[in-house]
Amino acid sequence: MDRRDYKPFRGRRGHPRHSRGSSNRYNASRDPRNQEKLPKVDDLEVRLNDLIIMIGDDKAINSLDSNIDFLSRALITDIKTHKNTILDTIFKCVLALPTKTGIYGSLVGLLNLSNKELGKEVVDRVREELQVALKRLELYNIKFLLRFLGELYNACVIDAQSLIDVYTLLLKILEVKEYPQSYHDFFLFLIASSLPFVGPKLSKANSAQLENLLTQISTGVKDRDKKVNKTIMIFQSEDPLDYFDWILQGLVQQKESGWPNISILQCPYKFFETKFEQSFEHTFPASDLTLPHIEDPKNAPGLGEQSLPVRLPLFPNSRLPDSLSLIDQVLLHDVATDLLYFFNPNRALAVKFLLSLSHKENLEPLFVETIFSQLFRLPKAPFRTLYYSAILIEMSKSRSDTFSSTIGRAGC
């Protein structure tokens, strides 16, 4: 699903609803001359598509676990006749809605509980799409498919060893010293930012191997050629913290705290842990994956501006919620950056999903910091200045009592 295709409100047959006064407009679908030419729309497919896309959007109607359970039962009923539509929509959502990866992981977990063959199809498709993404170096697809794989582990769709094998394989790229640092940095960030989502469960099942992964990440961070931009010291009294040091500190803090669940994104698999214990766990063949190959590493281009988030620290930790851990700050910054990228054609949706992250805490300082981090990115911002200005204006309208004053305090 392209981010431009995200339509949360549809008419009866999947067409956008017209505003009042448009009933007299020419409608080609009602013209009898076109009845033969227009493809027929399957009402059930439209309904299933909408249910999958919108799951978790409206928190006012029932609880999230009830909605996921209801949707899984509805999909199981129609899986024989609409399997391709269901799987296609789930994967499109995984690659376009980064705040809801956990929801789709738990949904597949419930489907796997009822139909293990369907669960195997999902695992096989993740493998196929991840291999394509690695071959083409489609960075966002690699990132989101790996996050999805972690949520499939949380939902007992794949076993722990399979996930660890995938992480270990991807970290092997750090051993190829000839590759540009941007390649090392991307895969190091990829694994480091994935661990908080699976750490709570992995620490109980495979603590020794989780510790080994942390050691590899720590070594990779220490071996990096750090290029800290000293100009950002105008915003802080102390030396700026390298982005990877920030991540590593967050992971160490998580480990010392016993790997608690992250707070900025919901962890719906926790609702179904007892059910998932009865699931059939599939093996994900990590050995089938092939790492990206570079013909001429010395002259290889960098991965570009989308490979890693950047951080312009505008606020001291004293202005952030006390309950927000370091790793929550890292992940919030990362997810907010992804939302700004994916929903750039529709700033209203970008703001909607950004604000959906702050259901528990006052996170305006981190939102402002993330937006300005993108706006002042060198050599140029990913999108036009007008886009980021519009986001700031829309968020100020939505949070008129706090957001504008937060902008005013940035860098002070």
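Within every chain, residues take consecutive numbers counted from 1 along the sequence as written. At least 70 in pLDDT is required for a residue's local features to be given in this predicted model, at least 80 for side-chain atom pairs to be given and counted, and no such filter applies to totals for whole chains, interfaces and linings, which use all residues. Based on all heavy atoms of the structure, the side-chain values leave hydrogens and waters out of the count.

**Concerning the overall build of the protein chain**
What counts here: Segments assigned H or I by DSSP are reported as helices when at least four residues long, segments assigned E as strands when at least two residues long, and all are numbered from the N terminus. The buried label goes to any residue with under 20% of its type's maximum accessible area, the exposed label to any with over 50%, and the partly exposed label to all in between, with areas taken from a 1.4 Å probe on protein chains only. Residues count as neighbours in contact if any of their non-hydrogen atoms are within 4.5 Å of one another. Using the Shrake-Rupley algorithm and a 1.4 Å probe, accessible areas are obtained, with residue cover drawn only from the displayed protein chains.
Summing up its helical and strand segments, the protein chain has 15 helices and 0 strands in all. Taken across its 412 residues, the protein chain has 54% of its residues classed as buried. Restricting the contact set of the protein chain to residue pairs at least 6 apart, pairs at least 24 apart contribute 79%. Element-wise, carbon and sulfur atoms account for 50% of the exposed surface of the protein chain, whose accessible area totals about 20100 Å².

**Points about the pattern of salt bridges**
Put simply, the test is: The salt bridge definition used is simple: a Lys or Arg side-chain nitrogen within 4 Å of an Asp or Glu carboxyl oxygen.
What the rule picks out here adds up to 18 salt bridges. Glu121 is the partner of Lys83 in a salt bridge, and the nearest nitrogen-oxygen pair spans 2.8 Å. On the criterion of sequence distance, the pair formed by Lys83 in helix H2 (residues 64–94) and Glu121 in helix H4 (residues 116–136) is long-range, its members being 38 residues apart. Here Glu121 falls in the partly exposed class, since its relative accessible area comes to 32%. The salt bridge partner of Asp88 is Arg125, with a shortest N-O separation of 2.8 Å. Residue Asp88 is located in helix H2, and its partner Arg125 is located in helix H4; the two are separated by 37 residues in the primary sequence.

**Observations concerning the environment of Thr406**
Examined against the element boundaries, Thr406 turns out to sit in helix H15 (residues 403–409). For Thr406, a relative accessible area of 3% gives the class buried. Along the backbone, Thr406 and Val368 are 38 residues apart, and their C-alpha atoms lie at a distance of 7.5 Å. If we ignore the near neighbours within four places in the chain, the residues touching Thr406 are Phe315, Glu364, Pro365 and Val368.

**Comments concerning unusual backbone geometry**
The bulk of non-glycine residues show a negative phi, and the bulk of peptide bonds are trans. Phi is positive for Cys156, which is not a glycine, with a value near 60°. Tracing the backbone shows Cys156 in the loop between helix H5 (139–154) and helix H6 (160–171). Phi is positive for Trp259, close to 55°, though the residue is something other than glycine.

**Quick notes on the side chain of Ser325**
As for its position among the elements, Ser325 is in the loop between helix H10 (273–276) and helix H11 (326–342). For Ser325, a relative accessible area of 14% corresponds to the buried category. Non-local contacts of Ser325, meaning those with residues more than four positions away in its chain, are made with Gln253 and Gln254.

**Things to note about the environment of Pro292**
Take Pro292: it is sitting in the loop between H10 and H11. For Pro292, a relative accessible area of 7% translates into the label buried. A C-alpha to C-alpha distance of 9.3 Å links Pro292 and Gln131, two positions 161 residues apart in sequence. Ignoring any residue separated from it by four or fewer positions in sequence, one finds Pro292 in contact with Leu134, Leu137, Ile173, Tyr179 and Phe187.

**Description of the packing of H5 against helix H7 (residues 181–205)**
We count it as follows: Here an angle of 0 to 180 degrees is reported between the N-to-C directions of two axes, which are lines fitted to C-alpha atoms, with helices fitted over the stretch in contact. Here is the rule for angles: anything less than 35 degrees is roughly parallel, anything more than 145 is roughly antiparallel, 65 through 115 is roughly perpendicular, and the remaining ranges are oblique. Note on residue classes: Ala, Val, Leu, Ile, Met, Phe, Trp, Tyr, Cys and Pro are nonpolar, Asp, Glu, Lys and Arg are charged, and everything else, Gly too, is polar.
Interhelical geometry of H5 versus H7 gives an angle of 5° and a closest axis separation of 10 Å. On the basis of their axis angle, the class for H5 and H7 is roughly parallel. Residues Leu139, Ile142, Lys143, Leu146, Arg147, Gly150, Glu151, Tyr153 and Asn154 of H5 touch H7, and the partners they reach there are Phe186, Phe189, Leu190, Ile191, Ser193, Ser194, Phe197, Val198, Lys201, Leu202 and Ala205. Residues that form the contact of H5 with H7 fall into these classes: 12 nonpolar, 4 polar and 4 charged.

**As for the confidence of the model for the protein chain**
To be explicit about the condition: A residue's pLDDT is the predictor's confidence in that residue, given on a scale from 0 to 100.
Averaged over all residues, the pLDDT of the protein chain equals 82, while 80% of them reach at least 70. Confidence over residues 8–39 falls short of pLDDT 50; this stretch has 21 contacts with residues more than four positions distant or in other chains.

**Things to note about the packing of aromatic side chains**
Counted only if it meets this: Pairing of aromatic rings covers Phe, Tyr and the six-membered ring of Trp, with a centre-to-centre limit of 6.5 Å; geometry is then stacked below 30 degrees between planes, edge-to-face above 60, and tilted otherwise.
Taken as a whole, this structure holds 17 aromatic pairs when the rule is applied. Seen from their ring centres, Tyr243 and Trp246 are 5.5 Å apart, and the 80° between their planes marks the pair as edge-to-face. In this pair, Tyr243 and Trp246 are both assigned in helix H9 (residues 243–256), 3 residues apart and thus about one turn of the helix distant. The burial state of Tyr243 is the same as that of Trp246; both residues are buried. The interplanar angle of 40° and the centroid separation of 5.7 Å between the aromatic rings of Phe372 and Phe376 together place this pair among those described as tilted. On the accessibility criterion, Phe372 (15% relative accessible area) is buried.

**Comments concerning the packing of helix H12 (residues 347–356) against helix H14 (residues 385–398)**
The test is simple: Each crossing gets its handedness from the near helix: less than a right angle anticlockwise from the far helix is left-handed, clockwise is right-handed.
Running from N to C, H12 and H14 cross one another at 55°; their axes reach a closest spacing of 10 Å. Classified by the angle between their axes, H12 and H14 sit oblique to one another. Read as a crossing pair, H12 and H14 show a hand that is right-handed. The residues of H14 that touch H12, namely those facing Arg347, Ala350, Val351, Leu354 and Leu355, are Tyr387, Ala390, Ile391, Glu394, Met395 and Ser398. When grouped by side-chain class, the residues that make up the contact of H12 with H14 number 8 nonpolar, 1 polar and 2 charged.

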